Amino acid sequence: MEIVFQNPGFLPFLLLAAAPLILHLFARARPPVYMFSSNSLLRKILKYRMRLKKPRDMILLAVRTLLFFSLVMLFLLPLLFMNSNFAAPFEKKTVLIIVDATASTSYLEGGQTRFAAGCAEASEIISGLGSGDRANVIWLKYQSSAVYPAPGPNMNFLQQELRRASVTAETSDISSAVSLAVGMLEKAEGRRQICVISDFQASEWGEIAVKIPKTVDVMTISTGKTAASNQSVARVFSRPASPVIGEDLTLFCEIRNFSPEPRQCTVYLKTSEIRHEKEISIPAWGSAVPGFKCSFKNSGIVPYKFEIGEDLFPDDNSRWGILNVRKFISAGVAAGDEKNRSCWYKALKSIGWIKTDTVDIDTIGKSQADIVFLSAWNGENPEALASCIGAGHNVVCCPADGADLAKFFSILVPGSAPRDTKFALESSKKPRKMKLARQDAEIFSLFATGEFGDPLKGNFMTRLNFPPLALPPTGDVLLEYDDGIPALASYRHGRGVFYFWNIFLGEERSDWASSPQFVPFMGELVMNVCRDPLDLPEKTSFSPGQKMVFDLKGDESAEDLSLAGEDEKILPVHQILSADKRFFVSDPAEECGLYTWKHRDSTLGYSTVDFVPIESDLRTLPEQTIAKIGAISSSGGGGIRDFVHGIEVWPYFLLLAVLLILLEGSVALWMEKT
């Protein structure tokens, strides 16, 4: 704690506080001496009178001394600094104010948003700076930016920018904002200060270690004053991810409750063809995942939207998803074992929503088929097949007799190469049976009720026999023979799935292909494998502050391409040429919602800008934790300005002087009457 005088030239006038004492001493004149008769009675009277007069004189003297002292202190204009490090009002200062403009600060609190309260605090600090000081405002968001390229003296413009600013839906990059502020202060003159104004959201600031040089004074102002509760739409998804026309699917959304009490809310689902709603209950600090069953009559890219009722934080109350409804699934059957190939082809061809063609094994990588059936493969060129699977092609493969797949499996499942991979064809006169190795596999869900019969009903005489370690243990065995030899196993690699098929179809090998359950089983196999088609855009969802990217595959002219939001506001886009591809990149998107890529009046595709879930948890750091970030911490309301610019003490001395004048008059009147 330290006191600084704004008018130190008046310090010598403090001597005037001794004026009442000096006047009192001069007023004590020595009375003349006269000869008089016995004055014993007068002495008794004088003794009694002086006992009353001396205290009254001392009180009046003290009141007048304090009055003179207060009047001098009034002209000195003292400032009281609670922290001595800031007790330098006449020293030049460079102040960098970091204002949190992330999504969480849009929470409505006390009639205004936390962001508006933060801008008011920043304006209050700037208004207290002197003509020789420098200042700048840095917006804390996904890509932090400053009003000036360097701290400047124009305080009015900074205050105008604070009044014009608006909150974003972005998340924050705290480290970059602090680094930007520290970099601007490296060459600054005088005292250097950083003031961080934020709601100090625990999910954002909890794991951040702010590193600032010791030569820089740090202050923090918290704009989060109350414990805020919130409900949000955290994510949306569908099962299956890419259905075909008429297929039953379920659209899901995850609703989170960031409050200590259970909540009830209504969830709404909206598409161009569907309108649904559902009441749900969400536990405290928990989540609920309601699902809506539906189907679509038309193919194409379909946007859908989940939303809940509005609250004090509406930005996260809705979320868009994009669904690719396909006209059909493309399947390719490669030449090889003729009996397997023929049974596969006939079964797939009989399913209306599967488009079946013949493919060449050497051109699988160029094929547009969602799934390829390959029989009698001897393991040649394993790198090419593994690369195709990694790129997103799904392959069902039945190895040939004597095939060696050691190298293929070492590529497909790195680090788990089998020791012995000799596959030998064996036949048995006694029919074998198959059984489910995984009862909960989604591929068998259609047959769970028994309505479609037993999918494994059949007799199997021919199969591949191999040692137990021939297949990598990381695979998911779905079917196996009654002696434990795997019949069907899956291995995920990159974007695709490899299915090891150890079932030989056709006469004298098995009668499974002629059973009525074989075609539904093949349909379920294709449907479950082809959840993510090759033609689905790799990335359609972006975060606020990011640039949206669109791969233009057609020959449309770039001049007529546009990107529009839900409010039809056009977002600027720029063309980027890369080899034989054309990409279009937008400016950073600040608002959440659905954006439509158009060529003139035709729609080419969609992108979504989704609210970042971490911003939905509005809990703030404890005051003790916030205080550790800076040398001075305040909860707002102008308290930080008192720390930085000092507390004006002269009004208190003015009040004291007025009271002393009234007291002096009262004491003097009392002395006259007594």
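Quick caveat, the model's predicted, so the values are computed rather than measured.

Asks: Sorry, what's going on with a nonpolar patch on the surface here?
Replies: On the surface, Trp 650, Leu 654, Leu 655, Val 658, Leu 659 and Leu 662 cluster together into a nonpolar patch covering about 550 Å² of accessible area. Secondary-structure assignment places Leu 655 in helix α13 (residues 650–673).

Asks: Looking at this structure, how should I read the packing of helix α3 (residues 114–127) against helix α4 (residues 155–164)?
Replies: For any two helices packed against each other, the geometry is given by the interaxial angle and the distance between the axes. The geometry of α3 relative to α4 is characterised by a closest axis approach of 9 Å and an angle of 170° between their N-to-C directions. Classified by the interaxial angle, the pair formed by α3 and α4 is roughly antiparallel. Along its contact with α3, which presents Cys 119, Ala 122, Ser 123, Ile 126 and Ser 127, the element α4 presents Met 155, Leu 158, Gln 159 and Leu 162. When grouped by side-chain class, the residues that make up the contact of α3 with α4 number 6 nonpolar, 3 polar and no charged.

Asks: Even after reading the chapter, I still don't get the sheet that holds strand β13 (residues 275–282), so can you show me in this structure?
Replies: Backbone hydrogen bonds are what pair the strands of a sheet, in a parallel or an antiparallel way. Taken in spatial order, the 4 strands of this open sheet run β13-β12-β16-β17, and their pairing is antiparallel. A single partner strand is all that each edge strand has here, and the edge strands are β13 and β17 (318–325). Here the strands of the sheet are splayed against their neighbours by 20° on average, with no regard to which way each runs. Relative to β17, strand β16 (residues 300–308) runs antiparallel, the two being bridged by 8 bridges. Residue pairing for β17: Tyr 304 is matched across the bridge by Gly 321.

Asks: Sorry if this is basic, but what is going on with the sheet that holds strand β20 (residues 371–377) here?
Replies: Strand order in the open sheet formed by 8 strands is β19-β18-β20-β21-β27-β26-β25-β23, and the pairing between neighbours is mixed. Two strands in the sheet have a free side with no partner beyond their single neighbour: β19 (354–359) and β23 (434–436). Along the sheet, successive strands turn relative to each other by an average axial angle of 20°, direction set aside. Note: strand β26 (residues 486–493) against strand β27 (residues 496–501), 6 bridges, orientation antiparallel. Looking at the pairing, His 493 lines up with Gly 496 of β27. Packed onto the sheet, helix α8 (residues 382–390) meets β20, β21 (394–399), β26 and β27 and runs at close to 125° relative to β27.

Asks: Help me understand the pairing of β19, please; the structure alone is not making it clear to me.
Replies: The side chains of a regular strand alternate between the sheet's two faces. In this sheet, β19 lies alongside strand β18 (residues 329–334) in parallel orientation, the contact comprising 6 bridges. Looking across to β19, one finds that Ser 330 is bridged to Lys 355.

Asks: Just to check I follow, could you spell out the nonpolar core for this structure?
Replies: A general tendency of soluble globular proteins is for nonpolar side chains to be buried together. In terms of nonpolar packing, the biggest core is built from 70 residues, with Phe 373, Phe 408, Phe 498, Trp 501 and Ile 503 touching the most fellow members. The dominant element in this core, judged by the number of residues it contributes, is helix α10 (residues 518–529), at 7 residues. Among all residues touching Phe 498, those that are not within four sequence positions of it are Ile 389, Val 395, Cys 397, Phe 408, Phe 409, Leu 412, Ala 489, Ser 490 and Tyr 491.

Asks: Help me out: how do you make sense of the layout of surface pockets in this one?
Replies: It is a probe the size of a water molecule, rolled over the atoms, that shows where empty space is left. Taken as a whole, the second largest pocket holds about 690 Å³ of empty space. Forming the walls of the second largest pocket are 29 residues, and the residues nearest its centre are Glu 590, Glu 591, Cys 592, Gly 593 and Tyr 595. Elements supplying a minimum of two residues to the lining of the second largest pocket: β16, β17 and β33 (593–599). Taken together, the residues of the lining of the second largest pocket break down into 12 nonpolar, 6 polar and 11 charged.

Asks: Explanation requested: the packing of aromatic side chains in the structure shown.
Replies: Aromatic rings in a pair are described by how distant their centres are and how their planes are angled relative to each other. Counted under the stated rule, the structure contains 21 aromatic pairs. Considering the side-chain rings of Phe 292 and Phe 306, the 5.6 Å spacing of their centres and the 45° angle between planes classify their relative orientation as tilted. Of this pair, Phe 292 sits in strand β15 (residues 291–294) while Phe 306 sits in strand β16, placing them 14 residues apart in sequence. Each of the two residues, Phe 292 as well as Phe 306, counts as buried. Judged by centre distance (5.1 Å) and plane angle (55°), the rings of Trp 512 and Phe 521 are tilted. There is no split in this pair, since Trp 512 and Phe 521 are both buried.

Asks: Looking at this structure, I do not really get a negative patch on the surface. What am I missing?
Replies: Taken together, the side chains of Glu 566, Asp 567, Glu 568, Glu 590 and Glu 591 make up a negatively charged region of the molecular surface. Following the sequence through the fold, Glu 591 ends up in the loop between β32 (581–586) and β33.

Asks: Would you take a moment to explain unusual backbone geometry for this structure?
Replies: Across residues other than glycine, the phi torsion is negative in most instances, and most of the peptide bonds are trans. Cis geometry is adopted by the peptide bond preceding Pro 240, which originates at Arg 239 and carries an omega value of 0°. Relative to the helices and strands, Pro 240 is located in the loop between β10 (230–239) and β11 (249–258). The phi angle at Glu 508 is positive, at roughly 65°, despite the residue not being glycine. Within the secondary structure layout, Glu 508 lies in the loop between β27 and α10.

Asks: Explain the environment of Ile 647 to me, please; I cannot follow it from the model alone.
Replies: Relative to the elements of secondary structure, Ile 647 occurs in strand β36 (residues 647–648). Judged by its relative accessible area of 26%, Ile 647 is partly exposed. Each C-alpha atom of the pair Ile 647 and Leu 80 lies 4.9 Å from the other, and the pair is 567 residues apart in sequence.

Asks: Which parts of the structure should I look at to understand the side chain of Asn 394?
Replies: Tracing the sequence through the fold places Asn 394 in strand β21. Here the side chain of Asn 394 touches Asp 370 through a polar contact of 2.9 Å, landing on its backbone oxygen. Polar side-chain contacts of Asn 394 include one of 3.0 Å to the backbone nitrogen of Val 497. Discounting residues that sit within four places of it in the chain, Asn 394 has contacts with Asp 370, Ile 371, Val 372, Gly 496, Val 497, Val 529 and Cys 530.

Asks: Quick question: what am I supposed to make of the environment of Glu 124 here?
Replies: Tracing the backbone shows Glu 124 in helix α3. In this structure Glu 124 comes out as partly exposed when scored by relative accessible area, which is 32%. For the pair formed by Glu 124 and Gln 159, sequence separation is 35 residues and the distance between their alpha carbons is 9.0 Å.

Asks: Hey, could you run me through the packing of helix α7 (residues 338–349) against α10 in this one?
Replies: Look at α7 against α10: their axes get within 9 Å of each other, and the N-to-C directions meet at 80°. Judged by the angle between their axes, α7 and α10 are roughly perpendicular. Listed contacts from α10 to Cys 343, Trp 344, Ala 347 and Leu 348 of α7 are Phe 518, Val 519, Met 522 and Val 526. Of the residues belonging to the contact of α7 with α10, the class tally is 8 nonpolar, no polar and no charged.

Asks: Looking at this structure, how should I read the pairing of β20?
Replies: Of all 7 residues in β20, 6 are buried; the element is thus mostly enclosed. Note that β18 and β20 share 3 bridges and pair parallel. In the sheet register, Ala 331 faces β20, and the bridge partner there is Ile 371. Judged from the 6 bridges that link them, β20 and β21 form a sheet pairing that is parallel. Within the sheet, the bridge partner assigned to Leu 374 lies in β21 and is Cys 397. Read as a crossover between parallel neighbours, the route from β20 over α8 to β21 is right-handed.

Asks: Mind showing me how you'd approach the pattern of salt bridges here?
Replies: Pairing between side chains of opposite charge can happen when their charged atoms approach one another. Evaluated as defined, the whole model comprises 21 salt bridges. Across the pair Glu 161 and Arg 164 runs a salt bridge, and its minimum N-O distance is 2.3 Å. Linking Glu 161 with Arg 164, this pair stays in helix α4, spanning 3 residues, or about one helical turn. Residue Glu 161 is classed as partly exposed on the basis of its relative accessible area of 22%. Its salt-bridge partner being Asp 217, residue Arg 191 comes within 3.0 Å of it at the nearest N-O pair. With Arg 191 in strand β8 (residues 191–198) and Asp 217 in strand β9 (residues 217–222), this pair connects stretches of sequence that are 26 residues apart.

Rules used in this analysis
- Residues numbered from 1 in each chain as written.
- Predicted model: local features only at pLDDT ≥ 70, side-chain atom pairs only at ≥ 80, totals over all residues.
- Heavy atoms only, no water.
- Patch = residues over 30% accessible without salt bridge, like charges linked within 9 Å, V, L, I, M, F, W, Y side chains within 5 Å.
- Areas by Shrake-Rupley, 256 points an atom, 1.4 Å probe, with all protein chains shown as cover.
- Salt bridge = Lys/Arg side-chain N within 4 Å of Asp/Glu carboxyl O.
- Helix = DSSP H or I, 4+ residues; strand = E, 2+ residues; numbered from the N terminus.
- Axes fitted to C-alpha atoms, helices over the stretch in contact; angles between N-to-C directions.
- Parallel < 35°, antiparallel > 145°, perpendicular 65-115°, else oblique.
- Contact = heavy atoms within 4.5 Å.
- Nonpolar A, V, L, I, M, F, W, Y, C, P; charged D, E, K, R; others polar.
- Pairing = 2+ DSSP bridges.
- Core = buried A, V, L, I, M, F, W, Y, C linked by side-chain atoms within 4.5 Å.
- Buried < 20%, exposed > 50% of the residue type's maximum accessible area, 1.4 Å probe, protein only.
- 1 Å grid on protein atoms, 1.4 Å probe; cavity = no way out; pocket = protein on both sides within 12 Å on 5 of 7 lines; lining within 4 Å.
- Points joined across faces, edges and corners; volume = space filled by probe spheres on them.
- Phe/Tyr/Trp six-rings, centres within 6.5 Å; stacked < 30°, edge-to-face > 60°.
- Lys, Arg positive; Asp, Glu negative; His and termini not counted.
- Charge placed at Lys NZ, Arg CZ, Asp CG, Glu CD.
- Polar contact = N/O pair within 3.5 Å; in protein donor to acceptor, adjacent residues only side chain to side chain.
- Right-handed = clockwise from strand over helix to strand, strands pointing away.

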